[in-house]
Amino acid sequence: MDASHSTRCPEINPGLPRPDMVALQASAEHACTLLKVMANTDRLILLCRLAQGEFCVGQLEEDLGIRQPTLSQQLGVLREEGLVGTRRQGKHIYYRLISEDAAAVMGVLHHRICGAATDVAVCSGR
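Our subject in this report is the structure included herewith.

1. A few points about the overall build of the chain
Working step 1: A count of helices and strands for the chain gives six helices and three strands.
Working step 2: The burial tally for the chain puts 27% of its 126 residues in the buried class.
Working step 3: Working note: accessible area of the chain is about 8,800 Å², and carbon and sulfur atoms make up 54% of it.

So, in C-alpha cells, the structure goes:
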C-alpha cells in the first residue's frame, strides 16, 4: 500500500476531542465490574427492592421469596462490592442501596424493562 492510501477513516466529527484512553479504560473496567455483579437474578431482584428503601433481611426474604442462605450470600456479594450498606438495630440488620451507579442502572432498567414500574412485584415478575 502506498503512502497516499491511509487506513484512517475520514473524520465525521472533527470538533470532538480525542478520548483519554487511560480514563476510558478505567471507566470501562468499573462498568464491567458493576454489570457483572448485577448480572445475577437474585442480586438484581434485591437491588430492585433496595432501590425502594431500606429493609431488614427478614423483610427481604418475605417480600422476595429468596431463601435465607441464598439471600445472605447475595447480600454479602452486594456489600463486598460496595453496592449496599448496612445498619444494625438490635438483632436486625438493615440493608440499603448506596451505590449511585447501581441506582442509576436500576432506574434505567425500571424505565426500559419494567415499564417505569415502581412496585417490585411488577418489576420482578412476582
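2. Comments concerning the packing of helix 2 (residues 41-50) against helix 3 (residues 57-64)
Relative placement of two packed helices is described by the angle separating their axes and the distance separating the axes.
Working step 1: It is at 11 Å that the axes of helix 2 and helix 3 come closest, and there the two elements cross at 115°. Between helix 2 and helix 3, the interaxial angle falls into the category roughly perpendicular. Relative to helix 3, helix 2 is oriented so that their crossing is right-handed. Contact residues: helix 2 offers Ile45, Leu46, Arg49 and Leu50, while helix 3 offers Leu60, Asp63 and Leu64.
Working step 2: Taken together, the residues of the contact of helix 2 with helix 3 sort by class into five nonpolar, no polar and two charged.

3. A short note on the environment of Leu109
Working step 1: Considering the arrangement of structural elements, one finds Leu109 in helix 5 (residues 100-112).
Working step 2: Measuring from C-alpha to C-alpha, the distance between Leu109 and Cys48 comes to 9.1 Å, with 61 residues separating the pair along the chain.
Working step 3: Once residues lying within four places of it in the same chain are set aside, the contact partners of Leu109 are Leu44 and Cys114.

4. Section: the sheet that holds strand 1 (residues 55-56)
Working step 1: Pairing within the open sheet is antiparallel, and its three strands lie in the order 1-3-2. Of all strands in the sheet, those with a lone pairing partner are strand 1 and strand 2 (84-89), marking the two edges.
Working step 2: Bridge analysis of strand 2 against strand 3 (residues 92-97) gives six bridges, and the strand direction is antiparallel. Along strand 3, the bridge assignment pairs Gly85 with Arg96.

5. Concerning the side chain of Ser99
Working step 1: Here Ser99 lies in the loop between strand 3 and helix 5.
Working step 2: Residue class for Ser99 comes out buried when judged on its relative accessible area of 14%.
Working step 3: A polar side-chain atom of Ser99 sits 3.0 Å from the main-chain amide nitrogen of Ala102.
Working step 4: Apart from residues lying up to four places away in sequence, Ser99 is in contact with Gly82 and Leu83.

6. As for the nonpolar core
Working step 1: Core analysis: the largest hydrophobic core is formed by 22 residues, its most contacted members being Leu46, Leu47, Leu50, Leu60, Leu75 and Leu83.
Working step 2: Where this core is concerned, the elements lending two or more residues are helix 1 (21-38), helix 2, helix 3, helix 4 (68-80), strand 3 and helix 5.
Working step 3: The element contributing the most residues to this core is helix 2, with five residues.
Working step 4: Excluding residues that lie within four positions of it along the chain, Leu47 makes contacts with Met38, Leu78, Leu83, Val84, Leu97 and Met106.

7. Re the packing of helix 2 against helix 4
Working step 1: Put simply, helix 2 and helix 4 touch, their axes get as near as 10 Å, and they point 75° apart. It follows that helix 2 is roughly perpendicular to helix 4 by the angle criterion. Seen from helix 2, the contacting residues are Asp42, Arg43, Leu46, Leu47 and Leu50; seen from helix 4, they are Thr70, Leu71, Gln74, Leu75, Val77 and Leu78.

8. Points about the pattern of salt bridges
Working step 1: Counted according to the given criterion, the structure contains three salt bridges.
Working step 2: Notably, a salt bridge pairs Glu11 with Arg8, separated by 3.6 Å at the nearest N-O pair. Like Glu11, the residue Arg8 is exposed in the burial classification.
Working step 3: With a closest N to O distance of 2.8 Å, Asp63 and Arg49 form a salt bridge. Here Asp63 is found in helix 3, whereas its partner Arg49 is found in helix 2, with 14 residues between them in sequence.
Working step 4: Of the residues examined, Asp63 reaches a relative accessible area of 35% and is grouped as partly exposed.
Working step 5: The buried category is assigned to Arg49, whose relative accessible area is 16%.

Calculation notes
- Residue positions are given per chain, counting from 1 as you read along its sequence in written order.
- Local features in a predicted model are, by the rule used here, given only for residues with pLDDT of at least 70; side-chain atom pairs are given and counted only at 80 or more, and totals for whole chains, interfaces and linings are based on all residues.
- Water and hydrogen atoms play no part in the side-chain values, which are based on all heavy atoms of the structure.
- Comment: elements are numbered from the N terminus, with helices defined as DSSP H or I runs of at least four residues and strands as E runs of at least two.
- Partly exposed residues are those whose accessible area sits between 20% and 50% of the maximum for their type, while under 20% is buried and over 50% is exposed, using a 1.4 Å probe and protein chains only.
- Reported accessibility uses the Shrake-Rupley method at a 1.4 Å probe radius. Residues are deemed covered only where the shown protein chains occlude them.
- Only C-alpha atoms enter the line fits that serve as axes; for helices the fit covers just the stretch in contact. Angles between N-to-C directions range over 0 to 180 degrees.
- For this classification, under 35 degrees means roughly parallel, over 145 means roughly antiparallel, 65 to 115 means roughly perpendicular, and everything else is oblique.
- Each crossing gets its hand from how the near helix is turned against the far one by less than a right angle, where anticlockwise is left-handed and clockwise is right-handed.
- Note on contacts: a residue pair is in contact if any heavy atoms of the two residues lie within 4.5 Å.
- When residues are grouped by polarity, Ala, Val, Leu, Ile, Met, Phe, Trp, Tyr, Cys and Pro land in nonpolar, Asp, Glu, Lys and Arg in charged, and all others, Gly among them, in polar.
- DSSP-based pairing: two strands are paired if at least 2 bridges between them are found.
- Whenever a nitrogen or oxygen atom comes within 3.5 Å of another N or O atom, the pair is scored as a polar contact, on the condition that within protein one atom can donate a hydrogen and the other can accept it, and that pairs from neighbouring residues in sequence are kept only if both atoms are in side chains.
- The term nonpolar core refers to a set of buried residues drawn from Ala, Val, Leu, Ile, Met, Phe, Trp, Tyr and Cys, joined through side-chain atoms within 4.5 Å.
- Definition used for salt bridges: Asp or Glu carboxyl oxygen within 4 Å of a side-chain nitrogen of Lys or Arg.

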